[in-house]
Amino acid sequence: MRRIWPPARVPGPDVELDRDALAALYAHPEGCVRVNFVASADGAVAVGGLSGGLEAPGDAQVFGLLRELADVVLAGAGTVRAEGYRGARTSAAREARRRARGQAAVPPIAVVSTRGDLDPGAALFTDTTVAPLVLTAADAADDARRRLGPAGAEVVAVSASDPAATDPHAVVQALADRGLTRVLCEGGPVLFGSLLAAGCVDELCLSLAPQLVGGGPERIVAGPGLDGPRPLRLASVVAHDDGLMLRYRTGAG
């Protein structure tokens, strides 16, 4: 891993980063909603419907680090189903580092699902050391509790004025109410779009895969258009082989 930006204080070769230096570069502040995506050089977010088809050197290492630094991993129901989500993987070393930062040993997975129609037999519920959170519309909350409560899930209603919809601000507040303020959102594009439109995104981590996929309109943001382009400020650039890991701060961060 080589740090490209910000530049070293003394000009010279790119700075090689060990695990601790990389963790310092990606330090996750309290109250920060960070979104993480991988995309090809021509903007594709998936190959065959899965992000795993994109090969960005170094992305797996950064992906694991971002999860380790977060209080909670947030994802949309479609992404959870398509990618076969399960509980966050851990190790004794990771747990020790998290406890040293005052965090729980393992970050929970929080799923935004308007209808709450998740499968209680899925790995999200059966292969995890921490019970997941299901953030759903008020109209669907009671049914979701009946179906998913026995599987260990905590179901939280996150509607605002419309009881049949989820509200991005209510999602972030529900997590904060549980002490989960370092939020890592892993998509998908629709959830990212809703958080972005609501002004709830502070950072974007984008791994750029040195691949051309071609075809398809998929982008990292989906849903209704914004009221105008949102500016980004470059916070860091890390390179590994031919891959680039870009980190931006938004106008909200």
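Residues numbered from 1 in each chain as written. Predicted model: local features only at pLDDT ≥ 70, side-chain atom pairs only at ≥ 80, totals over all residues. Heavy atoms only, no water.

- As annotated in an unreviewed UniProt entry, the protein chain carries the name Riboflavin biosynthesis pyrimidine reductase and comes from Actinomycetospora cinnamomea.

**Description of the pairing of strand β6 (residues 133-136)**
Stage number 1. Burial along β6 is two-sided: Leu133 and Leu135 and Val134 and Thr136, pointing in opposite directions, are all buried.
Stage number 2. Direction of pairing for strand β5 (residues 109-112) relative to β6: parallel, over a ladder of three bridges. Following the sheet pairing, Val112 is matched in β6 by Leu135.
Stage number 3. Sheet topology note: the β6/strand β7 (residues 154-157) ladder contains four bridges and is parallel. Looking across to β7, one finds that Leu133 is bridged to Glu154. (Buried < 20%, exposed > 50% of the residue type's maximum accessible area, 1.4 Å probe, protein only. Helix = DSSP H or I, 4+ residues; strand = E, 2+ residues; numbered from the N terminus. Pairing = 2+ DSSP bridges.)

**Considerations on the sheet that holds strand β1 (residues 2-5)**
Stage number 1. In spatial order, the strands read β2-β1-β10-β11-β9-β3-β8-β4-β5-β6-β7; together these 11 strands make up an open sheet with mixed pairing. Two strands close off the open sheet at either side, each with one partner strand: β2 (15-16) and β7.
Stage number 2. In the packing of helix α2 (residues 59-69) onto the sheet, the strands contacted are β3 (33-40), β4 (72-76), β5, β8 (183-185), β9 (203-209) and β11 (243-250), and the crossing angle to β3 comes to about 165 degrees.
Stage number 3. Against the sheet, helix α7 (residues 168-177) makes contact with β3, β4, β5, β6, β7 and β8, and its axis sits at roughly 150 degrees relative to β6, the strand it touches most. (Contact = heavy atoms within 4.5 Å. Axes fitted to C-alpha atoms, helices over the stretch in contact; angles between N-to-C directions.)

**Describing the layout of surface pockets**
Picture a little ball the size of a water molecule; that probe, rolled over the atoms, points out where space is still empty.
Stage number 1. In this structure, the largest pocket encloses a volume near 790 Å³.
Stage number 2. Of all the secondary structure elements, the ones that give two or more residues to the lining of the largest pocket are β3, α2, α3 (77-83) and α4 (92-100).
Stage number 3. The dominant element in the lining of the largest pocket, judged by the number of residues it contributes, is α2, at six residues.
Stage number 4. Split by residue class, the lining of the largest pocket holds 15 nonpolar, 12 polar and 10 charged. (1 Å grid on protein atoms, 1.4 Å probe; cavity = no way out; pocket = protein on both sides within 12 Å on 5 of 7 lines; lining within 4 Å. Points joined across faces, edges and corners; volume = space filled by probe spheres on them. Nonpolar A, V, L, I, M, F, W, Y, C, P; charged D, E, K, R; others polar.)

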